[in-house]
Amino acid sequence: MTTVRPAFDADADDVRRVARRAWHDAYDELDPAVIESTIDDWYADPLGAALHGWAGGVPANDLEDIEAILLVAEQDGDIVGFTQGITLQTVGTILRLYVDPDYHRERVGTALYERLKEMFESHGVERIRALDLASNDKSRRFFLNHGFERSNTRTVTIGGEPYDEAVFSRELETDGEV
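Before going into details, it helps to say that this report is about the structure given with it. (Residues numbered from 1 in each chain as written. Predicted model: local features only at pLDDT ≥ 70, side-chain atom pairs only at ≥ 80, totals over all residues. Heavy atoms only, no water.)

**Topic: the pattern of salt bridges**
Here the idea is simple: oppositely charged side chains can pair when their charged atoms come close. Scanning the model with the defined rule gives 14 salt bridges in all. Between Asp11 and Arg5 there is a salt bridge, with the nearest N and O atoms lying 2.8 Å from each other. In this structure, Asp11 and Arg5 share a single accessibility class: buried. The salt bridge involving Glu171 is made with Arg127; its shortest N-O contact spans 3.9 Å. Linking Glu171 in strand E7 (residues 161-171) with Arg127 in strand E5 (residues 127-133), this pair joins segments that are 44 residues apart in sequence. (Salt bridge = Lys/Arg side-chain N within 4 Å of Asp/Glu carboxyl O. Buried < 20%, exposed > 50% of the residue type's maximum accessible area, 1.4 Å probe, protein only. Helix = DSSP H or I, 4+ residues; strand = E, 2+ residues; numbered from the N terminus.)

**What to know about the packing of aromatic side chains**
Evaluation of the coordinates by the stated rule reveals nine aromatic pairs. In textbook terms, an aromatic cluster arises when at least three aromatic residues are bridged by ring pairs, as seen for Trp23, Tyr27, Trp42, Phe82 and Tyr98. The lysine or arginine in question, Arg170, covers the ring of Phe148, its NZ or CZ lying 5.9 Å from the ring centre. (Phe/Tyr/Trp six-rings, centres within 6.5 Å; stacked < 30°, edge-to-face > 60°. Lys NZ or Arg CZ within 6 Å of the ring centre and 35° of its normal.)

**Points about the side chain of His146**
Mapped onto the secondary structure, His146 falls in the loop between helix H4 (137-145) and strand E6 (149-158). Overall, His146 belongs to the buried group, its relative accessible area being 16%. Within polar-contact distance, the side chain of His146 engages the side chain of Thr110 at 3.1 Å. (Polar contact = N/O pair within 3.5 Å; in protein donor to acceptor, adjacent residues only side chain to side chain.)

**Some words on H4**
Burial in H4 covers these residues: Ser139, Phe142 and Phe143. The buried side chains of H4 occupy one side of the element, clustering within an arc of 90° when seen end-on. Where the residues of H4 are buried, they touch strand E4 (91-99), helix H3 (108-122), E5 and E7. Trailing H4 by a residue or two, Gly147 shows a phi angle of about 90°, which is positive. (Arc of directions from axis to C-beta. Contact = heavy atoms within 4.5 Å.)

Put into structure tokens, the structure is as follows:
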């Protein structure tokens with residue numbers, strides 16, 4: 001059974017491990033050394049710092065209306081996935097949702113998404129966006145299967161190189177039902 005809980009700084013090594021395994025599995029177009037340096041940069045200690053680097057170096061806690069969320073999924077005491085999201089006014093953004101490839105098809109991603117969605121709804125979110133590299137077919141299928149539509153493509157720079165990033169969106173009903 002999957003348990004979803006808030007992440008703590010003590011989870012940093014496990015979050016980096018899951019991120020590395022997920023990135024190496026999903027992003028063939030990225031050089032392995034770029035993956036390693038990006039993971040080290042994005043998920044540096046303390047883990048809470050990962051929540052604050054999303055805005056081009058402006059810490060999220062310096063922006064009064066930002067709520068940052070980092071959740072982990074556990075099975076048998078092992079962290080097997082995590083998700084990172086932020087809310088800004090009525091929009092919730094899933095910045096990352098990664099599952100260790102050994103746990104794909106065990107509904108870990110769905111458990112993480114459902115818990116994050118609940119938290120978004122409690123913050124008054126009306127629309128959810130999700131971001132991932134456009135080349136990630138597993139991510140695309142996941143979000144489409146959860147009621148999202150691809151709404152945009154933008155460019156993200158990783159390791160000094162530009163990549164297409166898919167933006168998926170879905171509206172939430174006021175009663176929390178889709």
